[in-house]
Amino acid sequence: MSKFTKITTLEDDLSVLGEIVADVETVAAELRAAQIREVKVLARAGQLADAQTAGSPLRVREHDMALRSIAAEIGGVLHVTDRTVQARIGDARTLVEMYPLTLQAWEAGRITRGQVQVITDAGDVVPAARRPEFEAEAIEKCEGRTPNRLRPILQLLAERFTDRTFTERHRDAATARCVRVFPGRDGMCDVVATVPAVIGDGILDRLTQQAQTVIDARDPGDGDERGIDAVRADVLTDLLLAGTPALDPTATGDQPGTLGAIRAQVQVVVPALTLVGADEGPADLVGRSPIDADTARCLAAQAPSLTRLLTDPVRGSVIAIDAYRPAWSQRRFLRARDQHCRFPGCRRAAIRCEIDHTIDHALGGPTTLGNLAHLCQRHHSMKQFTRWRVRQLPGGVLEWTSPLGRTYREDTPQPPVAFTPATPPASAESLEPAPF
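Residues numbered from 1 in each chain as written. Predicted model: local features only at pLDDT ≥ 70, side-chain atom pairs only at ≥ 80, totals over all residues. Heavy atoms only, no water.

## Structural notes on a nonpolar patch on the surface
A surface patch of nonpolar side chains, about 640 Å² in accessible area, is lined by L10, L14, V16, L17, I20, V21 and V24. Among the structural elements, L10 can be located in helix α1 (residues 10-53). (Patch = residues over 30% accessible without salt bridge, like charges linked within 9 Å, V, L, I, M, F, W, Y side chains within 5 Å. Areas by Shrake-Rupley, 256 points an atom, 1.4 Å probe, with all protein chains shown as cover. Salt bridge = Lys/Arg side-chain N within 4 Å of Asp/Glu carboxyl O. Helix = DSSP H or I, 4+ residues; strand = E, 2+ residues; numbered from the N terminus.)

As structure tokens, this is what we get:
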């Protein structure tokens, strides 16, 4: 037997396992204390927004701006978006102000953070006057149950305390229907539609029937080996990108409306070598994620127009684009340079943003490339209505200053796909934008 072989006994393994479990318990207690402290701090941040706008005649708008500003200040420290922080502030206030018994049970270690979330989710339908009673019973039912087993139990419990029918609540919930896109791996994503359950079930059933019809109509020799899931996804894609909605308010009589003529827009940056097929590197779907070379070439072949970018070979930032008409060329240049909203951390694509004068036009700010940048509606409003300030430095660099005086430098985005020469030029600083 090798002298390096170590023989362990069952007692040794149990001893080590005991140490690991003890450490896990210690870490869990420390993490719980830190999470509770974070919740209380974030709740204070939301309460500060209330205090800043108390008594204002425009309280709703000013409160929203104050909360956005505070969330952006905290987001700068945590390196997350202000939208994320604002949502966490809302969750924290809900727990601290509306579920004090649940917070106390969490602090005492009787329940976990996952169970806390289930209680607050289920209790959303319970009126404030009956919430303490609901909380007390819900906390008792947490013992020995994981969050996924606890959820249906508390949802049924909450129905006993609600003063509104399920039908009434469904009508309200339906007003929040929406569609979202979550980037995934390998150039894929999840398109999530939040709709009434019966609508969702009907959507899946129709897609299934259509997909099965496609499969049944196949010629055995056509080489189509897609499974029903893939065919369903392809049918859905075709309907959404090329179909005409049945309800079109622009239709007149027997004449079709304009909704069916609207086509989707995406913003993609493709390296020249990938475009001509000499390289299989990914392209960049701005605001989302990388996409594969085949898809990028397919989009380029069908695009009504292309914008050629010249990037700095050292820094990678856009320094010039081709241009024909002066007014449109500025917009094309800025879209290529900025790619997305230029507020720190925001990734909303430039095609869904507004072009903002860094120095307001009303204050004499010129309509020049050095005074323009893309901002989404949310951050455009923050710049206008809060104490966040921004100045534009040479090269399109934005320097944001928060109400606390913290500064955040927002460099021009470097396209994740770019040509890099084998030998950098002697001086990249000599490269300047083409005149317009």
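## Section: the packing of aromatic side chains
Inspection of every chain in the model, using the stated rule, returns four aromatic pairs. In this structure an aromatic cluster arises from ring pairing among F343, W388, W400 and Y408. The ring of F385 is capped by R61, whose NZ or CZ atom sits 4.3 Å from the centre of that ring. In this structure, R131 is placed above the aromatic ring of Y99, and the distance from its NZ or CZ to the ring centre is 5.3 Å. (Phe/Tyr/Trp six-rings, centres within 6.5 Å; stacked < 30°, edge-to-face > 60°. Lys NZ or Arg CZ within 6 Å of the ring centre and 35° of its normal.)

## Re unusual backbone geometry
One non-glycine residue with positive phi stands out, namely H79, at about 60°. Positionally, H79 belongs in the loop between α2 (59-78) and α3 (82-98). Overall, the relative accessible area of 72% leaves H79 in the exposed class. Phi at D186 is positive, roughly 55°, even though this residue is not glycine. Assignment of secondary structure puts D186 in the loop between β1 (178-183) and β2 (189-194). Look at D186 and you get exposed, because its relative accessible area is 72%. (Buried < 20%, exposed > 50% of the residue type's maximum accessible area, 1.4 Å probe, protein only.)

## Observations regarding the confidence of the model for the protein chain
When the pLDDT values of the protein chain are averaged, the result is 84; 84% of them are 70 or greater. For the protein chain, per-element mean pLDDT is lowest for strand β7 (residues 318-321), which scores 54, and highest for helix α4 (residues 100-107), which scores 97. (pLDDT = per-residue confidence, 0-100.)

## Some points on the environment of I215
Its place among the elements puts I215 in helix α9 (residues 197-216). Through-space distance from the C-alpha of I215 to that of I228 is 7.6 Å; in sequence the pair is 13 residues apart.

## Examining the side chain of H380
Among the secondary structure elements, H380 is positioned in helix α14 (residues 377-385). At 3.0 Å, the side chain of H380 and the side chain of D356 are in polar contact. Setting aside residues no more than four positions away along its own chain, H380 makes contact with E354, D356 and L375. (Polar contact = N/O pair within 3.5 Å; in protein donor to acceptor, adjacent residues only side chain to side chain. Contact = heavy atoms within 4.5 Å.)

## As for the packing of α2 against α14
Interhelical geometry of α2 versus α14 gives an angle of 100° and a closest axis separation of 10 Å. Looking at the two axes, α2 sits roughly perpendicular to α14. Here R61, M65, R68, S69 and A72 of α2 lie close against α14, whose contacting residues are Q377, R378, S381, M382 and F385. Looking at the contact of α2 with α14, its residues break down into four nonpolar, three polar and three charged. (Axes fitted to C-alpha atoms, helices over the stretch in contact; angles between N-to-C directions. Parallel < 35°, antiparallel > 145°, perpendicular 65-115°, else oblique. Nonpolar A, V, L, I, M, F, W, Y, C, P; charged D, E, K, R; others polar.)

## As for helix α10 (residues 228-242)
Three- or four-residue spacings in an α-helix give side chains the same orientation, since the helix completes a turn every 3.6 residues. If you check α10, its first and last C-alpha atoms are 21 Å apart, about what 15 residues at 1.5 Å a residue would give, namely 21 Å. Burial in α10 covers these residues: V231, R232 and V235. All buried residues of α10 lie within an arc of 105° about the axis, which places them on one face of the element. Along α10, the residues that are exposed and aim more than 90 degrees away from the buried face are D229 and L240. Those residues of α10 that are buried lie in contact with α9. (Expected span 1.5 Å × (residues − 1). Arc of directions from axis to C-beta.)

## Observations regarding the state of the cysteines
A full pass over the atoms with the stated rule returns zero disulfides. Among the cysteines around C346, which has no disulfide bond, C341 carries the closest sulfur, lying 3.8 Å off. Looking at C346, the relative accessible area reads 5%, which means it is buried. Here C353 stays free of any disulfide, with the sulfur of C341 as its closest cysteine sulfur at 5.0 Å. (Disulfide = S-S within 2.5 Å.)

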